[in-house]
Amino acid sequence: MSRPPLALLIPAVLLALGVLALFLFTFFPGGEPVSPYLARDAAGETGAANLVAGVYLNYRLYDTLFEVLVFAVAVIGVRYYLVGQKEGAAPPIPESPVVRTAADLLFSPLLLIGVYLVLFGHLSPGGGFAGGVVGGSGLLLCAIGLGGEVIARRFHETALERAEWLILAGFLLLLLVPVLFGAAPGTNLLPQGTVGNPVSGGTIVIYNILIGAKVFIGTWVVIYYFTRHRGEV
Amino acid sequence: MTVRTVLLLALPVIAVFALTRARRLTAVIAMGLFSFVIAAVYLLFHAPDVGLTEAAIGAGLVTFIYILSIRKTGRLVILADEAPGLLSRENEGITGLEWEILSGFARELGLDPVVRFLPRPEIGHALRRGEGDIGAGGILAGEETPGLVATPGYLPTALFRISPAGGAGRIRHGFEYFGELADAVRRKAPLAATVDLARFMGLARGDLTGYTVAREEGEHAYAFLVPADQPELHSRLCDYLNRLQESGKLDELVRRYLE
Amino acid sequence: MGIVIAVVLLGIAILGLVLRRDLIFKLLSLGVLNSGAVLFLVSLGDRAGGTAPIVRGPGPAAYVDPLPQALVLSAIVIDFAVLAVALVFAMLLVERYHTTDSVRIEEEVTKELYR
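What you see is a predicted model, and the numbers here were worked out from it, not measured in a lab.

Each value, and the rule that gives it
Residues numbered from 1 in each chain as written. Chains lettered and ligands numbered in written order. Predicted model: local features only at pLDDT ≥ 70, side-chain atom pairs only at ≥ 80, totals over all residues. Helix = DSSP H or I, 4+ residues; strand = E, 2+ residues; numbered from the N terminus. Rg over C-alpha atoms; globule rule 2.2 N^0.38 Å. Contact = placed C-beta atoms within 7 Å. Pairing = 2+ DSSP bridges. Axes fitted to C-alpha atoms, helices over the stretch in contact; angles between N-to-C directions. Nonpolar A, V, L, I, M, F, W, Y, C, P; charged D, E, K, R; others polar. Domains from an automatic or database assignment. pLDDT = per-residue confidence, 0-100. Buried ≥ 20, exposed ≤ 12 C-beta atoms within 10 Å, placed from the backbone. Core = buried A, V, L, I, M, F, W, Y, C linked by C-beta atoms within 7 Å. Expected span 1.5 Å × (residues − 1).

Bringing the overall build of chain C into the picture now. Check the secondary structure of chain C and you find 4 helices and 0 strands. Going from N to C terminus, chain C has its helices and strands arranged as α-α-α-α. For 115 residues, the compact-globule formula gives about 13 Å, and the C-alpha radius of gyration of chain C, at 20 Å, lies well above that figure. Across its three principal directions, the C-alpha atoms of chain C cover 75 × 25 × 20 Å. Expressed as a percentage of contacts within chain C between residues at least 6 apart in sequence, the contacts between residues at least 24 apart total 54%.

Spelled out as structure tokens, the structure:
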């Protein structure tokens, strides 16, 4: 690392201090915190025992959906720029028998844990995002131990594309059907059930499943194209 | 002192450690450790969803895609500064005498040759840190430092000293990349530099009025640098260069590129 | 305490972003920046004596604020995706200009633009 010139160091430090000064506003909070109301009412209103899931899939659903959109666009970007590149030469990491066996053994349990986190995200920590990335870690283990082509064999790219279309249809269904009944898009019209029941929360479980699948497919795309290309940095 | 406070205090330390490393691989692994620690911190802040997601993403996927992009296996990494005729860029590719020599060598080893351009003074440091396999770009035999070994010179050369005629006020001495030197000469900026034959020929294609040029005494030759901990690479490279000289291919390449 | 450390991390990340020339280190600084922001929001939600916001039984209980956690949960996953895109761009840049030095890449691009 070459010595940064003084002309760069001083503005950098000033910029850092300036940005940090903005956070001094934290010590002068205004208004009333929402958390007591959430703690009291959220479980009953949303039907989810995991209050965080209740918040991001019910009260702030639109935020979550747009963030899923950002994720999808980023994955599109990765695929678009890497799809035309030539393939890499040698396998990235040497495959010893231990790693290969471990990858074979652990792949299915990791997928199962991912599915569990997605399905029970409204009752215990987890949710769509966490479950999707844990499933992605299973793919990662496969790609490291057995090579990138294995994850392409187990999850065909065309099948994943069709799954993405289904997920999109699912989202549109959940968003537009309530409008037909005169409610705001995406509101929960299914029965809530009792809090703590695996079947509760109404559409929260369905959203979790859709988000988990989408994150899983996105992670597959990133891992597959990175393994195939194996950049030159 | 709760566990949480201890871990929180460790975070800036790990972050500073990661961002001040010289080797990219060390920094990436340190960031993996950072992710783990901050996932534990999220758990201790009673945010289990956040901690779970951060652990799965930060320690696994992020480290993985970094390592996939900065891998070095299967390549022969050449660190160099540009030297016209020896190793320089042309449109999208690389050309030059040294490039021909080193590509043939890499093909013989079964590796892909890859060039990284670095400032001349940093090539030695980078080689010692393990960031590259061979140092090239008009390096003179005798420029060895501890930790590096040079091949015997494969091509004799000469040194030239360029200084402003009539002595101007502020003279600029150091240049990181050869391209900067070439630009400065084009702009007729006052500078003083010592360049080898290939770079001098590259500068002489332009206009050198306004500078005095003096040839320095002494015998010099071009060579390649290899880190000292790779003796087999060094011996194979010397062997390859000998074979090039004996078969006359070296003279043919010199004729093609330096005349 | 969490807020202070988060702010310190943000400062470190900004300094790292500006002062290191290598593209990879710039991306790593962005990672630290993201973690600092997430830590900031999570520690804002911390309440004294609170527990994880998961309802286990009937009756009132003190929970930490679930709202900041919900906000940052998807942010972490998006950070990974955006990092992947940024790495793709870095890889393509390095393949084209044969160096990871950001200053050098800027020079090359400028030369190409004004040739």
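Our focus in this paragraph is the pairing of strand 8 (residues 159–164) of chain B. In this sheet, strand 9 (residues 193–196) of chain B lies alongside strand 8 of chain B in antiparallel orientation, the contact comprising 4 bridges. Bridge assignment links Phe160 of chain B to a residue of strand 9 of chain B, and that residue is Val195 of chain B.

What follows is about the packing of helix 5 (residues 97–119) of chain A against helix 9 (residues 203–229) of chain A. Residue and element names in this part refer to chain A. In contact at an axis separation of 8 Å, helix 5 and helix 9 are set at 145 degrees when each is read in the N-to-C sense. Counting all contacts with helix 5, which are made through Gly114, Val118 and Leu119, the residues of helix 9 involved are Val205, Asn208, Ile209, Gly212 and Phe216. For the contact of helix 5 with helix 9, the per-class residue count stands at 5 nonpolar, 3 polar and no charged.

This brings us to the interface of chain C and chain A. Contacts between the two partners involve 35 residues from chain C and, on the opposite side, 45 residues from chain A. When residues of the side of chain C that touches chain A are traced back to their parent elements, those giving at least two are helix 1 (2–19) and helix 3 (66–97) of chain C. Counted by class, the side of chain C that touches chain A contains 27 nonpolar, 4 polar and 4 charged residues.

Another aspect to go through is the sheet that holds strand 10 (residues 211–215) of chain B. All names here are of chain B. Ordered by their spatial adjacency, 3 strands build an open sheet running 9-8-10, and the pairing between neighbours is antiparallel. Each edge of the open sheet is held by one strand with a lone partner, namely strand 9 and strand 10. Sheet twist, expressed as the mean angle between neighbouring strand axes with direction ignored, is 25 degrees. Docked against the sheet, helix 7 (residues 197–204) engages strand 8 and strand 9, running at close to 105 degrees with respect to strand 9.

The next point concerns the domain arrangement of chain B. Each domain of chain B was delimited in the assignment, giving domain 1 (3–69), domain 2 (75–155 + 221–258) and domain 3 (157–215). The centre of domain 1 of chain B, based on its C-alpha atoms, is set 38 Å off from the matching centre of domain 2 of chain B.

Looking now at the confidence of the model for chain C. All names here are of chain C. Looking at chain C as a whole, the pLDDT averages 85, with 98% of positions reaching at least 70. The secondary-structure element of chain C with the lowest mean pLDDT is helix 4 (residues 102–113), recorded at 83, while helix 2 (residues 23–44) shows the highest, at 92. Of the two predicted TM-score estimates for the complex, the pTM is 0.76 and the ipTM is 0.92.

Residues and elements named next belong to chain B. Among the 8 residues that make up helix 7, 6 are buried, leaving the element largely enclosed by the rest of the structure. Here helix 7 has its buried residues at Leu197, Ala198, Arg199, Phe200, Gly202 and Leu203. Those residues of helix 7 that are buried are in contact with strand 5 (134–140), strand 7 (155–157), strand 8, helix 6 (178–186), strand 9 and helix 9 (249–258).

The next point concerns the nonpolar core. Generally speaking, soluble globular proteins have nonpolar side chains that are buried together. Within the largest apolar cluster, 124 residues are counted, with the highest numbers of intra-cluster contacts made by Ile65 of chain B together with Leu9 and Ala84 of chain C. Leave out the neighbours within four places in its chain, and Leu9 of chain C touches Leu11, Pro12 and Ala15 of chain B together with Val32, Ser35, Gly36 and Leu39 of chain C. With 46 residues, the next largest nonpolar core counts Leu86, Leu87, Ile101 and Leu102 of chain B among its residues.

In this section: the interface of chain B and chain C. Facing the 32 residues of chain B at the interface are 38 residues of chain C. Where the side of chain B that touches chain C is concerned, the elements lending two or more residues are helix 1 (3–19), helix 2 (24–44), helix 3 (48–69) and strand 4 (112–117) of chain B. Counting residues per element, the side of chain B that touches chain C draws most heavily on helix 3 of chain B, at 10 residues. A per-class count over the side of chain B that touches chain C returns 24 nonpolar, 4 polar and 4 charged.

Right, let's talk about the environment of Gly84 of chain A for a bit. Of note, Gly84 of chain A is situated in the loop between helix 4 (61–82) and helix 5. Separated by 145 residues in the primary sequence, Gly84 of chain A and His229 of chain A place their C-alpha atoms 9.7 Å from one another.

Right, let's get into helix 4 (residues 97–109) of chain B. Residue and element names in this part refer to chain B. Given a rise of 1.5 Å per residue, 13 residues ought to cover 18 Å, and the 19 Å separating the end C-alpha atoms of helix 4 matches this to within 8%. Along helix 4, the residues classified as buried are Leu97, Glu98, Trp99, Ile101, Leu102 and Phe105. Those residues of helix 4 hidden inside the fold are in contact with strand 1 (75–80), strand 3 (93–95), strand 4, strand 5, helix 8 (231–247) and helix 9.

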